[in-house]
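Observations on the model geometry
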Amino acid sequence: MNIDNNHLQEIYDKSELLKIKCIKEEIEDYLIGFKIKNIELENSRFNCLFTSDQGDEVNLVISNYQIILTKNTKYKYERISIFKNLISFVKVIEKRPNGIIYSDIKKLYQKSERFNGEVCLTDLMENRYVITDEKIKELPKTFDYQEDNFLKILFKLISSSKENLENYANLTTKFSSHMNYYLNLDGNRKAKVGPYGSFTYLNGEDVSRLYDIVDGHDKIKRIYDLYNGIINPNNEWDIHSIHLGLLSSEGFNLKDLKGITKEEDKLVGEVIDKNSESYINYLKNLLSNMYGYNEEENLDREAILKGILINTNPIISNQEVDSKEGLDDEPKKFLKKIFEVFGKK
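Residues numbered from 1 in each chain as written. Predicted model: local features only at pLDDT ≥ 70, side-chain atom pairs only at ≥ 80, totals over all residues. Heavy atoms only, no water.

Right, let's talk about the packing of helix α7 (residues 236–243) against helix α11 (residues 301–309) for a bit. With their axes 8 Å apart at the nearest point, α7 and α11 run at an angle of 75 degrees to one another. Here α7 is positioned roughly perpendicular relative to α11, judged by the angle of their axes. Counting all contacts with α7, which are made through Ile-239, Ile-242 and His-243, the residues of α11 involved are Leu-305, Ile-308 and Leu-309. In terms of residue class, the contact of α7 with α11 is made up of five nonpolar, one polar and no charged. (Axes fitted to C-alpha atoms, helices over the stretch in contact; angles between N-to-C directions. Helix = DSSP H or I, 4+ residues; strand = E, 2+ residues; numbered from the N terminus. Parallel < 35°, antiparallel > 145°, perpendicular 65-115°, else oblique. Contact = heavy atoms within 4.5 Å. Nonpolar A, V, L, I, M, F, W, Y, C, P; charged D, E, K, R; others polar.)

This is how it looks when you write it as C-alpha cells:
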C-alpha cells in the first residue's frame, strides 16, 4: 500500500487525544523531518513507523485514548506517553562524550475557561539529571557506549531506578512552570492569583517575574523554550518583547545564565548533536530581518541577545501585527499600542 499523509490523517481522526490541538501539535513537532514509512494495525492500535533521510526512526503508537511515541537518533533516545487523563510523561536520554543527561518531564493538560474552554498545557515539571561515565559504571550492569541500542537499554535501567536518581546523579536541575488560574469574584469579573500569568521555578527559586508578560494559551511551552534558549515561530513575539524592553532578557536561556549549561558541559562534555544548519539559518535570518543584525558570530546566548537588543526600533508594521497567526486579541492590541508608542520604520 502506498502510504501518504491522507492515510495518516485517517488514523489521527480515530484518536480522541489527537483531536486536541495542543497535543496534536506536540506530536507533529517530533515528526518534523520524518516521513511515514509503514502503518500496521494490531490489537486496535495503530503502529506508525517514520524515518528520516539520516536513518533515524520514530515509532508512533496510537489508540483511542493513549499515544506512545519513541524517537531514536544517534545521540538521543526519547519516549513520550500521553494518556486519556491528559497527563503526559516525556523521558529523554542524551549521550554526551563523558556520560549522559536524563530528562524526566511531566506535563498536565486542562481545559481553560480563560481560553474559551480550549485544552491547554497548564503545568510542566522537569527533573534533569547529569550522570558521568564513572557513575554509570556503578549501575548494576556496565554498558559499552558502542553497544547497539545502548541508549534504549540504559533508558530502561535508569527509569526503573529513578527513585534514587537524584542522590545518584552528579547534578540535578529542577524546573517547573504552571499556568496561573483565575477566580470568579462576582460572576462577571475575574482575578488571577498573584501578579504574574504563570508561576515558574528553577531549583526552588521563584523566577516568575522574568516571564511576567508571556501570555496566551501556549505560554507554558513558550516559557520552557525561552528558559532553554530556543527560538521558534511560536515565541518570536516574546523575543520581540525582549527587544522592546518589555520582557526581561534574563529569562532568555536562563539555564545558561545560571551556569547550569556550563556545569553540565564540565561534567559530561558538550552537546554532540549541534543545532541543525536549518535552525542556524532561521536564527540568522530572524536577527537580520527583524533587527538588522548581520555579524558572523557563534550564536550563543550572548551573541543572540546582542542581535536582539542591538536596534531599538522594531522593523515591523501594524499590519503584520494584525495578520500574525496565533496571537490572542489582548496581546495583539497590546503590541499594537506599543508599536505606536515606540514608532516604526
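Before going further, it helps to examine the nonpolar core. Nonpolar side chains in soluble globular proteins generally cluster together in the buried interior. Ranked by size, the top nonpolar core spans 63 residues in total, and within it Ile-23, Ile-27, Cys-48, Phe-50, Leu-60 and Tyr-211 carry the most contacts. Considering every element that reaches this core, the biggest residue donor is helix α10 (residues 277–291), with six residues. Once residues within four sequence positions are removed from consideration, Ile-27 is found in contact with Tyr-12, Leu-18, Leu-60, Ile-67, Leu-69 and Ile-82. With 16 residues, the next largest nonpolar core counts Tyr-77, Tyr-129, Ile-136 and Ile-158 among its residues. (Core = buried A, V, L, I, M, F, W, Y, C linked by side-chain atoms within 4.5 Å. Buried < 20%, exposed > 50% of the residue type's maximum accessible area, 1.4 Å probe, protein only.)

Sheet architecture is open: eleven strands sit in the order β1-β2-β3-β4-β5-β6-β7-β8-β9-β12-β13, paired in antiparallel fashion. The sheet is open, and its two borders are formed by β1 (35–42) and β13 (205–206), each paired with just one other strand. Sheet topology places strand β9 (residues 171–179) next to strand β12 (residues 198–202); five bridges connect them, and they run antiparallel. Directly across from Ser-177, in β12, lies its bridge partner Thr-200. Sheet contacts for helix α4 (residues 150–160): β5 (76–83), β6 (87–96), β7 (99–112) and β8 (118–132); angle to β6, the most-contacted strand, approximately 125 degrees. (Pairing = 2+ DSSP bridges.)

Here we come to the confidence of the model for the chain. Averaged over the chain, the pLDDT score is 83; the fraction of residues at 70 or greater is 80%. Confidence over residues 314–332 falls short of pLDDT 50; this stretch has 41 contacts with residues more than four positions distant or in other chains. (pLDDT = per-residue confidence, 0-100.)

On to α4, then. The complete set of buried residues in α4 reads Phe-150, Leu-151, Leu-154, Phe-155, Ile-158 and Ser-159. The buried side chains of α4 occupy one side of the element, clustering within an arc of 150 degrees when seen end-on. Exposed residues on α4 whose side chains face more than 90 degrees from its buried face are Lys-156 and Ser-160. On its buried face, α4 is in contact with β5, β6, β7, β8, α3 (133–136) and α5 (165–168). (Arc of directions from axis to C-beta.)

The backbone of Asn-43 sits at a positive phi, close to 50 degrees, despite the residue not being glycine. Considering the arrangement of structural elements, one finds Asn-43 in the loop between β1 and β2 (45–51). According to the relative accessible area criterion, Asn-43 is exposed, its value standing at 67%. Here the phi dihedral of Asn-203 falls at roughly 50 degrees; this positive angle occurs in a residue that is not glycine. Within the fold, Asn-203 resides in the loop between β12 and β13.

Within the secondary structure layout, Ile-223 lies in helix α6 (residues 219–228). A relative accessible area of 0% places Ile-223 in the buried class. Between the alpha carbons of Ile-223 and Asn-235 there is a distance of 8.6 Å; along the sequence they are twelve residues apart. When neighbours within four sequence positions are excluded, Ile-223 is seen to be in contact with Phe-175, Ser-177, Ser-198, Thr-200, Tyr-211 and Val-214.

What follows concerns the state of the cysteines. Counting across every chain of the model gives zero disulfides. Here Cys-22 is not disulfide-linked; the sulfur of Cys-120 is the nearest cysteine sulfur, at 6.4 Å. Given a relative accessible area of 17%, Cys-22 falls into the buried group. (Disulfide = S-S within 2.5 Å.)

Tallied over the entire structure, the rule returns five aromatic pairs. A centroid spacing of 6.1 Å and a plane angle of 65 degrees characterise the contact between Phe-83 and Phe-89, whose relative ring orientation is edge-to-face. What makes Phe-83 partly exposed here is its relative accessible area of 29%. Exposure remark for Phe-89: the relative accessible area of 29% places this residue in the partly exposed category. Within the aromatic cluster, the residues linked to one another by ring pairs are Phe-175, Tyr-224 and Tyr-227. Cation over ring: Lys-135 sits above Tyr-168, and NZ or CZ is 5.7 Å from the ring centre. (Phe/Tyr/Trp six-rings, centres within 6.5 Å; stacked < 30°, edge-to-face > 60°. Lys NZ or Arg CZ within 6 Å of the ring centre and 35° of its normal.)

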